[in-house]
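# Descriptive structure summary
Now for the letters of each chain:
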Amino acid sequence: MTAELVRGQNHPLPETRLEIRVSAGHPVLAGAALGDEQGRVAGAEWIAHPGAASPPGVDVPGGAAADHRLAVDLDALPGAVHRVSVLLALTGGAVRFGALAAPFVAVVGPDGTEIAGYAITGLDTESALVALELYRRQGAWKVRAMGQGYAGGLAALLADQGLERPADLAAAILATASPAPAPAPAGPVPADLSSAAVSSADPSPAASSRVPEPEPVRHTAPPTAPDPAPAAPSTAPDPGPAPTPATGTAIGGPIDYSHPRRRTAPAESAPAAGPVPAAESAPGPEPRQGPPVPVAGDATGWSMDERLYNQVWGMFEDLARTAAAYRSACDFAESRLDRELDEVLTDYRARAGGANDAARAAARARRDELVERARAVLDRDLAQLVAESEVVEPALPVAYARWDSPVWHAYRVPAEEPMAVRLGDLHLPERTDLRIPMLVRLPLERGLWVDSGRGHSEAAGFLDEAELRRLALDCAVAHAARLLAAHPAGGFTVHLIDPAGTGATALAPLVETGAAAPPARGAAGVSAVLEQLTERVDLLQMALRGGAADALPPGLDTARQLLIVHDFPHGFDDRAVARLRYLADEGPPVGVHLLMVAAREDAAAYGPLLDPLWRSLLRLTPVPDDHLADPWVGHAWSYEPPLLPPGSGILRQVLGQVAAARHGKRA
Amino acid sequence: MCCKTDTKPDRVSAVSVPLRRVLDNRTHRTAGAGNANERGKRVSVNMTKGQAISLEKRGGGSLTQVRMGLGWQAAPRRGLFGSRTREIDLDASAVLFAEKQPVDVVFFRHLVSDDGSVKHTGDNLVGGAGQGGDDEAILVDLERVPVHIDQIVFTVNSFTGQTFQEVQNAFCRIVDETNGQELARYTLDGGGNYTAQIMAKVHRVGSGWQMTALGNPANGRTFQDLMPAILPHL
């Protein structure tokens, strides 16, 4: 069993004869520092490095190489040694680990099985690091993933170990980095180790050089590929402070053990975790104990954006399933109560003897007891999800954030689109203050429909019709603004249809900032816009089907299109309605989307003709309403539209930036 | 999943009505006495059919996560047209009971229980190398199982109809996921003229869980056919 360690995590060592395999993908020097119970290294002779005779129990390979094997015999170490730190230092011209693939270190038992592995991610300007620490705790040895880097290089590292004249020693060690015998995976093995540690694993040099190969591929490639893509979005959540990793600055300071549950370390150094000091301070050096502390970005993904997206969906699923467990337990308790009450009724003897009431009370008590237990489990799970939500919500980038989130004030037009946008919040009656962001994937798979009708919603019943329609259009504008803000400059174009001009006030933020062209008025305007978009869909479809995407006319706007239709079906003739349906059906695959702001009863004259149109759109409401179902258990979730903080100018500010970026691109 | 024919059943709701009738007629029978010698041991037990033992963690601890694994060797390729090979499709299922009523089931058409505590890793239609690896697995997070569910029964069926006599290197096992230790293992192949097995159950004891190996041979295409055979073990 291989344990994949994350920074700060420890793992027991069942063996004392160990081999530490290092795969760095670039020449590094490997060494070990032997510390006493207080963690201090008594002197230079306690540093095992290629340029010196090794202390007993540790053997380090000579020279610089991309792959190293260090043999450690914990039993053979001097009794005073309580800690063995495995050190790596860059050589061969490279000055920072951040520019290289993440180094991978593995602790391997004498039989060649990997006990624990650790991909050291999140490094930046560091040129030396403490990769692992083997330490003695109450007589037993454990390994801890450190990944403590030093921007000051080996000298800073040695100084942190408490050594005197670290610079001289560092220079002496680095001087040994003379060209080593090419790939030197297995160093010379001392007599006391040769029997178990290495020779039994793979005696032939061919085998030994082959073995470490797959490991870096398997372990480090997915989360740590040093391409710029993951790095860029990870700064998106909070572009305030520069993303200096905590690891690089902590020279001589205590080791940062934050986020022990983090699967992938890059997010650790990302500022996304910045606004959650509570999560950072809580875990101690034994992170596996107690309930796990939630961490933003604690999900799989290649970028912070993807990790947060997956985490939000994970929370969504967990909440759905937790509620399902609770509800099914309650249903079961109720049905059991019914059954038992029936039995009591049919039992003549009990009815006569007065045991009737007692039996009924007992049945009710059984029901209450089961419901109470189910509630306790639900509360435990909800508390965990609430804690996670409190950590995740502030870390969300603009596309996923609420409108009142401070990240909107630092909005900048993105270089690439996010995975999804937030179109509102979802919650269940069990815990109404636990809001799950409703993230909808980009590009949109279907159009949107903001329902300005009364529907069955309770909240809509309190509002008069005009108020509801105004809210619906406000919501549509907010959705459109978010879609505009999520796309790179010029990547998204909004068209407006407002035949009677009744929505001018609500549409003003889009029009006045220049983020969208003025709305089309009257029947002629409606036809013109629809015809233009229909032609576009036809053209793109032909190009796609014919496989001639490069044959499109040169002037064609490549942006995705969103058509906001207000006051439907006012100003629409039959031909326009047909075109609208065509756009709803055929538009999404070629990037043409609808955003209808309409009440179904207004279009009642069309009869069932429009039913397919409404069905093809994702229905959103301007007031809270429980009409959305989750894909796992099918609960009815209460949808809440995104609300702009009252009196906030954030919408116009963001739209102004979007418009400016587009004009800047065009110019 | 789409490869399976429509004859496969849909959801547990489809079975519960006839099942109720069966439940009402059931007779109480204890599922074989636990072997006192085996109790408390944490060695992997290679059992024969019909043997039932209880397993507890040493030191009175309770199971927290178990995996039911099922493995078998794919049918050998026949002749020139390999596509005509009569594939062997065994299916693992877990039925969740609350006071002897089936409430949920996890099988190839419903891979995750509604509460998320029981997960099927996916349908395997042909089997594997027969080298002892699990070809289908069901993971149970016992700490997350809803409070009213008190028994989970694991079953194996031959969907394609071959009896266990005709399947090579078939086994099913229960593994303690927290430490990878095998709690029980049944060798299915050569095991007589049966197409199904009611393998084991985990059930609540006090605040924790215990496992009882059942190993009851049966016949049936899916878990639904086994319901009458499962009920006596509850």
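Residues numbered from 1 in each chain as written. Chains lettered and ligands numbered in written order. Predicted model: local features only at pLDDT ≥ 70, side-chain atom pairs only at ≥ 80, totals over all residues.

## Here's the deal with the overall build of chain A
Scanning chain A from terminus to terminus reveals 19 helices and 20 strands. Scored against the burial criterion, the 667 residues of chain A give a buried share of 48%. Pairs at least 24 apart in sequence give 73% of the contacts found in chain A among residues at least 6 apart. (Helix = DSSP H or I, 4+ residues; strand = E, 2+ residues; numbered from the N terminus. Buried ≥ 20, exposed ≤ 12 C-beta atoms within 10 Å, placed from the backbone. Contact = placed C-beta atoms within 7 Å.)

## With respect to the interface of chain A and chain B
At the junction of the two partners, chain A supplies 13 residues and chain B supplies 9 residues. For the side of chain A that touches chain B, the elements supplying multiple residues, two or more each, are helix 10 (304-346) and helix 12 (355-395) of chain A. If you tally residues by element for the side of chain A that touches chain B, the top one is helix 10 of chain A, at 7 residues.

## Observations regarding the sheet that holds strand 17 (residues 592-598) of chain A
All names here are of chain A. Strand order in this open sheet of 5 strands is 15-16-17-14-18, and the pairing throughout is parallel. Edge strands, defined here as strands with exactly one partner in the open sheet, are strand 15 (492-497) and strand 18 (618-620). Each strand of the sheet is rotated relative to its neighbour by a mean of 20°, with strand direction disregarded. Strand direction decides the pairing type here: strand 15 and strand 16 (residues 560-566), joined by 6 bridges, are parallel. Following the sheet pairing, Leu496 is matched in strand 16 by Ile564. (Pairing = 2+ DSSP bridges. Axes fitted to C-alpha atoms, helices over the stretch in contact; angles between N-to-C directions.)

## Let's talk about the pairing of strand 12 (residues 208-218) of chain B
Residues and elements named next belong to chain B. Along strand 12, 8 of the 11 residues are buried, which leaves the element largely enclosed by surrounding structure. With 9 bridges joining them, strand 11 (residues 196-205) and strand 12 adopt antiparallel strand pairing. Bridging from a neighbouring strand, Ala196 pairs with Ala218 of strand 12. Following strand 11, the chain reverses through 2 residues before pairing antiparallel with strand 12; Gly206 in that reversal takes a positive phi of roughly 60°.

## Re unusual backbone geometry
Residues and elements named next belong to chain A. Of the consecutive residues Leu442 and Pro443, the connecting peptide bond is found in the cis state with omega at -10°. By secondary structure assignment, the location of Pro443 is in the loop between strand 13 (431-441) and strand 14 (448-451). Cis geometry is adopted by the peptide bond preceding Pro569, which originates at Phe568 and carries an omega value of 0°. Relative to the elements of secondary structure, Pro569 occurs in the loop between strand 16 and helix 17 (574-586). The phi dihedral of Asp567 is positive, around 70°, even though this residue is not glycine. Along the polypeptide, Asp567 turns up in the loop between strand 16 and helix 17.

## Re the confidence of the model for chain A
Residues and elements named next belong to chain A. Within chain A, residue pLDDT values average 78, and 81% of them lie at 70 or more. Of all helices and strands in chain A, the one with the weakest mean pLDDT is helix 5 (residues 214-224) (37), whereas strand 12 (residues 420-428) scores best (94). A low-confidence stretch, residues 256-289 (pLDDT under 50), is modelled with 92 contacts involving residues beyond four sequence positions or located in other chains. (pLDDT = per-residue confidence, 0-100.)

## Describing the confidence of the model for chain B
Any segment with low pLDDT has predicted coordinates that should not be analysed in fine detail. All names here are of chain B. Per-residue pLDDT for chain B has a mean of 75; in total, 72% of the residues score no lower than 70. The low-confidence segment residues 1-44, where pLDDT is below 50, has 48 contacts with residues more than four positions distant or belonging to other chains. As scored by the predictor, the complex reaches a pTM of 0.63 and an ipTM of 0.75.

## Concerning the sheet that holds strand 20 (residues 636-640) of chain A
Residues and elements named next belong to chain A. Pairing is antiparallel across the open sheet formed by 4 strands, whose spatial order is 13-12-20-19. Looking at the sheet topology across the chains shown, the edges are occupied by strand 13 and strand 19 (625-629). Neighbouring strand axes in the sheet, compared pairwise and without regard to direction, differ in orientation by 50° on average.

## Quick word on the environment of Val147 of chain B
With respect to the helices and strands, the residue Val147 of chain B is situated in the loop between strand 7 (136-141) and strand 8 (151-158). In the structure, Val147 of chain B is positioned 57 residues away from Arg204 of chain B in sequence and 9.7 Å away in space, judged by C-alpha atoms. The contact partners of Val147 of chain B, leaving out residues within four places of it in the chain, are Ala329, Leu370, Arg373, Ala374 and Val377 of chain A.

## Digging into the packing of helix 1 (residues 153-160) of chain A against helix 2 (residues 166-175) of chain A
Residues and elements named next belong to chain A. In the contact formed by helix 1 and helix 2, the axes pass within 8 Å of each other and the chain directions differ by 130°. Considering the angle they form, helix 1 stands oblique to helix 2. Crossing of helix 1 against helix 2: the hand is right-handed. Contact with helix 1, carried on its side by Gly153, Leu154, Ala155, Leu158 and Ala159, involves Pro166, Ala167, Leu169, Ala170, Ile173 and Leu174 of helix 2 and no other residues of that element. Looking at the contact of helix 1 with helix 2 residue by residue, the class counts come to 10 nonpolar, 1 polar and no charged. (Parallel < 35°, antiparallel > 145°, perpendicular 65-115°, else oblique. Left-handed = near helix turned anticlockwise from the far one by under 90°. Nonpolar A, V, L, I, M, F, W, Y, C, P; charged D, E, K, R; others polar.)

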